[in-house]
Amino acid sequence: MKYIYLVVIFISGILLASDVKPINNQLALKECGSCHFAYQPGLLPKRSWKKIISNLGNHFGTDASLDKKDEQMLLSYFIKNSSDNSNQYLSRVITRYTRADKTPMRITTGVVFRRAHDELRRSTFLRKSVGNPGNCIACHRTAKRGLYNEDYVRIPR
Ligand code: HEC
Ligand code: HEC
């Protein structure tokens, strides 16, 4: 039942042609796009961004730390545009389906991501041309524009 609702919002989202707000902050694009695709703030709730951005020194096994000033600037940008502060359809879906007592550190482990990709094999995400599930841009050619609509998907060989 829960999933039917999810499907309905996905479909209405496509009709409205709005997903997540694209990044319009140069620092976020540069710093958070240097090792991987620059994830839009609207893909996670603000409690997640707080935790992620205040732990950049130990970021998934790498050091992504910044000086305090830049960290503060990014933190306020990500919080301001977090899923729970956004009206875009995908952000609303993510907010709705993220348990309030959880603080996810990843987009790719959330129920919305898993549900959206349940027809894909794990091995597809691990292909050389993709790398890992977090490499949205490998398949979603319009990901930078915040468009994850399945019409613009092409899985590389
Ligand atoms: C020094 C390289 C580096 C920089 C800079 C960096 N990251 Fe990461 N990030 C990583 C690595 C490595 C992973 C884990 C990739 C994996 O194993 O899936 C990761 C994963 C993530 C994930 C989880 C993706 C998922 O699987 O859902 C998020 C969210 C994230 N980074 C946000 C950020 C943000 C926000 C910034 C900017 C403040 C940033 N990253 C800057 C290296 C970096
Ligand atoms: C290996 C390729 C691949 C990667 C990597 C990937 N996706 Fe997808 N994604 C797809 C495909 C294919 C679909 C369409 C699935 C279907 O229709 O069954 C999809 C569907 C979606 C949908 C649902 C769209 C709709 O119109 O219903 C969302 C949202 C989405 N992806 C977000 C993301 C995000 C965010 C990332 C990165 C964190 C990501 N995807 C990474 C291939 C990928």
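The structure reproduced in this document is the subject of the present report.

Quick look at the site of ligand 2 now. In the neighbourhood of ligand 2, 21 residues make up the surrounding shell, with H117, C136, C139, H140 and E150 lying closest. The separation between a nitrogen atom of ligand 2 and a polar side-chain atom of H117 is 2.8 Å. A distance of 2.9 Å separates an oxygen atom of ligand 2 from a polar atom in the side chain of E150. At the level of secondary structure, the elements contributing two or more residues to the shell around ligand 2 comprise α1 (2–16), α6 (111–116) and α8 (136–139). A class-by-class count of the residues in the shell around ligand 2 yields 14 nonpolar, five polar and two charged.

Coordination of the iron atom of ligand 1 by the protein is provided by H36 (NE2) and H59 (NE2), with metal-donor distances spanning 2.0 Å. For the iron atom of ligand 1, the six donor atoms in the first shell make angles of 87 to 179° at the metal, so the coordination geometry reads as octahedral. One end of the pair, H36, is in the loop between α2 (26–31) and α3 (46–53); the other, H59, is in the loop between α3 and α4 (68–80), with 23 residues separating them in the sequence. Taking relative accessible area as the criterion, H36 reaches 33% and is therefore assigned partly exposed.

This part is about α3. Buried residues of α3: S48, W49, I52 and I53, and no others. Angular distribution of buried residues about the axis of α3 spans 115°; they occupy a single face of the element.

On to the packing of aromatic side chains, then. This structure, assessed with the given rule, holds four aromatic pairs. With 5.9 Å between their ring centres and 40° between their planes, F113 and F125 make a pair best called tilted. Taken together, the residues F113 in helix α6 and F125 in helix α7 (residues 122–125) connect sequence positions twelve residues apart. As far as the burial class goes, F113 and F125 line up, both buried.

What follows is about the coordination of the iron atom of ligand 2. The protein atoms that coordinate the iron atom of ligand 2 are H117 (NE2) and H140 (NE2), at distances of 1.9 Å. Each of the six donor atoms around the iron atom of ligand 2 contributes to a set of angles spanning 88 to 179°, which defines the coordination as octahedral. Of this pair, H117 sits in the loop between α6 and α7 while H140 sits in the segment after α8, and the two are 23 residues apart along the sequence. Residues H117 and H140 agree in their burial class; the two are buried.

What counts and how
Sequence order as written defines the numbering, with residues in each chain counted from 1. Chain A is the first chain written and ligand 1 is the first ligand written, with later ones labelled in order. Totals for whole chains, interfaces and linings use all residues, but because this is a predicted model, local features are given only for residues with pLDDT of at least 70 and pairs of side-chain atoms are given and counted only at 80 or more. Water and hydrogen atoms were dropped before computing side-chain values, which therefore reflect all heavy atoms in the structure. Here a residue is considered near a molecule or strand provided that any single heavy atom belonging to it is located within 4 Å of it. Distance and chemistry together define a polar contact, namely a pair of N or O atoms within 3.5 Å, with one atom able to donate a hydrogen and the other to accept it when in protein, and with adjacent residues in sequence counting only for side-chain atoms on both sides. Numbering of helices and strands starts at the N terminus; helices are DSSP runs of H or I of at least 4 residues and strands are runs of E of at least 2. Gly is placed with the polar residues, together with every amino acid not listed as nonpolar (Ala, Val, Leu, Ile, Met, Phe, Trp, Tyr, Cys and Pro) or charged (Asp, Glu, Lys and Arg). Distances define the donors: N, O and S atoms within 2.8 Å of the metal qualify, as do those within 3.2 Å of Na, K or Ca. Water is excluded, so some sites may look unfinished. Key to geometry: four donors with every angle between 85 and 135 degrees are tetrahedral; four donors are square planar and six octahedral where opposite donors lie over 155 degrees apart and all remaining angles lie between 65 and 115; all other sites are irregular. With a 1.4 Å probe rolled over the protein chains alone, any residue whose accessible area is under 20% of its type maximum counts as buried; one over 50% counts as exposed, and the rest are partly exposed. The arc in question is formed by the directions pointing from the helix axis toward the C-beta atoms. Any two of the Phe, Tyr and Trp rings considered here, Trp counted by its six-membered ring, make a pair once their centres fall within 6.5 Å; the pair's planes then place it as stacked at under 30 degrees, edge-to-face at over 60, or tilted in between.

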